[in-house]
Amino acid sequence: QVQLVESGGGLVQPGGSLRLSCACAPSGSIASIGAMGWYRQAPGKQRELVATITSGGSTSSADSVKGRFTISRDNDKKMVFLQMNSLKPEDTGVYYCNAAVRRWGVTNAANYWGQGTQVIVSS
């Protein structure tokens, strides 16, 4: 079974920065990874898309984070990152990593989610 392990969340003041990381494990069981992305869920709200990145490196992001958040990936390390700058209180929420992963010996990719990492933006 594939697991997505997130790290990097925490408490930060408005205007500050955080970098989230997500690793796909175990690495040896993974044949390929397609699109990867970050989603977030604020208290009392639905989960929403923050940013995505294809296997080729093409990115897209929500209008609310454009110019502040940058998604990137390291295909060799099977990781995806989210650099968050100029953080605002409305960025507060649980951030989830998502990836389309194909395991060795399996024909089709399956969608996997991380357990979530808390981001709190507050003074």
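This structure is a prediction, so every number in the text was calculated from the model and none was measured. (Residues numbered from 1 in each chain as written. Predicted model: local features only at pLDDT ≥ 70, side-chain atom pairs only at ≥ 80, totals over all residues. Heavy atoms only, no water.)

What follows is about the overall build of the protein. Along its length, the protein carries 0 helices and 11 strands. Secondary structure of the protein in N-to-C order comes out as β-β-β-β-β-β-β-β-β-β-β. The C-alpha atoms of the protein give a radius of gyration of 14 Å, which matches the 14 Å a tight globule of 123 residues would have. Judged by the C-alpha coordinates and their principal axes, the protein covers about 50 × 25 × 25 Å. Taking all 123 residues of the protein together, 38% fall into the buried category. Counting contacts in the protein only where the partners sit at least 6 residues apart, residues at least 24 apart contribute 57% of the total. Carbon and sulfur atoms form 48% of the exposed surface of the protein, whose accessible area is close to 6,500 Å². The protein carries 12 positive and 7 negative side-chain charges, and their two centres are separated by 5 Å. (Helix = DSSP H or I, 4+ residues; strand = E, 2+ residues; numbered from the N terminus. Rg over C-alpha atoms; globule rule 2.2 N^0.38 Å. Buried < 20%, exposed > 50% of the residue type's maximum accessible area, 1.4 Å probe, protein only. Contact = heavy atoms within 4.5 Å. Areas by Shrake-Rupley, 256 points an atom, 1.4 Å probe, with all protein chains shown as cover. Lys, Arg positive; Asp, Glu negative; His and termini not counted. Charge placed at Lys NZ, Arg CZ, Asp CG, Glu CD.)

One recurring pattern in soluble globular proteins: nonpolar side chains tend to sit buried together. Grouped together as the largest cluster of nonpolar side chains are 29 residues, with contacts concentrated most on Trp38, Leu82, Met84 and Tyr95. Elements represented by at least two residues in this core include exactly β3 (18-25), β4 (30-41), β5 (48-53), β7 (69-74), β8 (79-84), β9 (93-103) and β11 (117-121). Residues in contact with Leu82, not counting those within four places in the same chain, are Leu18, Arg19, Leu20, Trp38, Val50, Ala51, Phe69, Thr70, Ile71 and Tyr95. (Core = buried A, V, L, I, M, F, W, Y, C linked by side-chain atoms within 4.5 Å.)

What follows covers the pairing of β9. As paired strands, β4 and β9 are joined by 9 bridges and run antiparallel to one another. In the strand pairing of β9, Arg40 is matched with Tyr95. Note that β9 and strand β10 (residues 110-113) share 4 bridges and pair antiparallel. Of the residues in β10, the one forming a bridge with Ala99 is Tyr112. (Pairing = 2+ DSSP bridges.)

Inspection of the secondary structure puts Gly28 in the loop between β3 and β4. C-alpha separation for the pair Gly28 and Trp104, spaced 76 residues apart in sequence, amounts to 8.6 Å.

The subject of this paragraph is the sheet that holds β7. Pairing is antiparallel across the open sheet formed by 4 strands, whose spatial order is β1-β3-β8-β7. Only two strands of the sheet have a single partner each, and these edge strands are β1 (3-7) and β7. Direction aside, neighbouring strands of the sheet carry axes that sit 15° apart on average. By the bridge criterion, 6 bridges tie β7 to β8 in an arrangement that is antiparallel. (Axes fitted to C-alpha atoms, helices over the stretch in contact; angles between N-to-C directions.)

Let us now look at the side chain of Lys78. Structurally, Lys78 can be placed in the loop between β7 and β8. Buried and unpaired, Lys78 has Asp76 as its nearest opposite-charge partner, separated by 7.1 Å. Once residues lying within four places of it in the same chain are set aside, the contact partners of Lys78 are Cys22, Ala23, Cys24, Ser27, Ile30 and Ile33. (Salt bridge = Lys/Arg side-chain N within 4 Å of Asp/Glu carboxyl O.)

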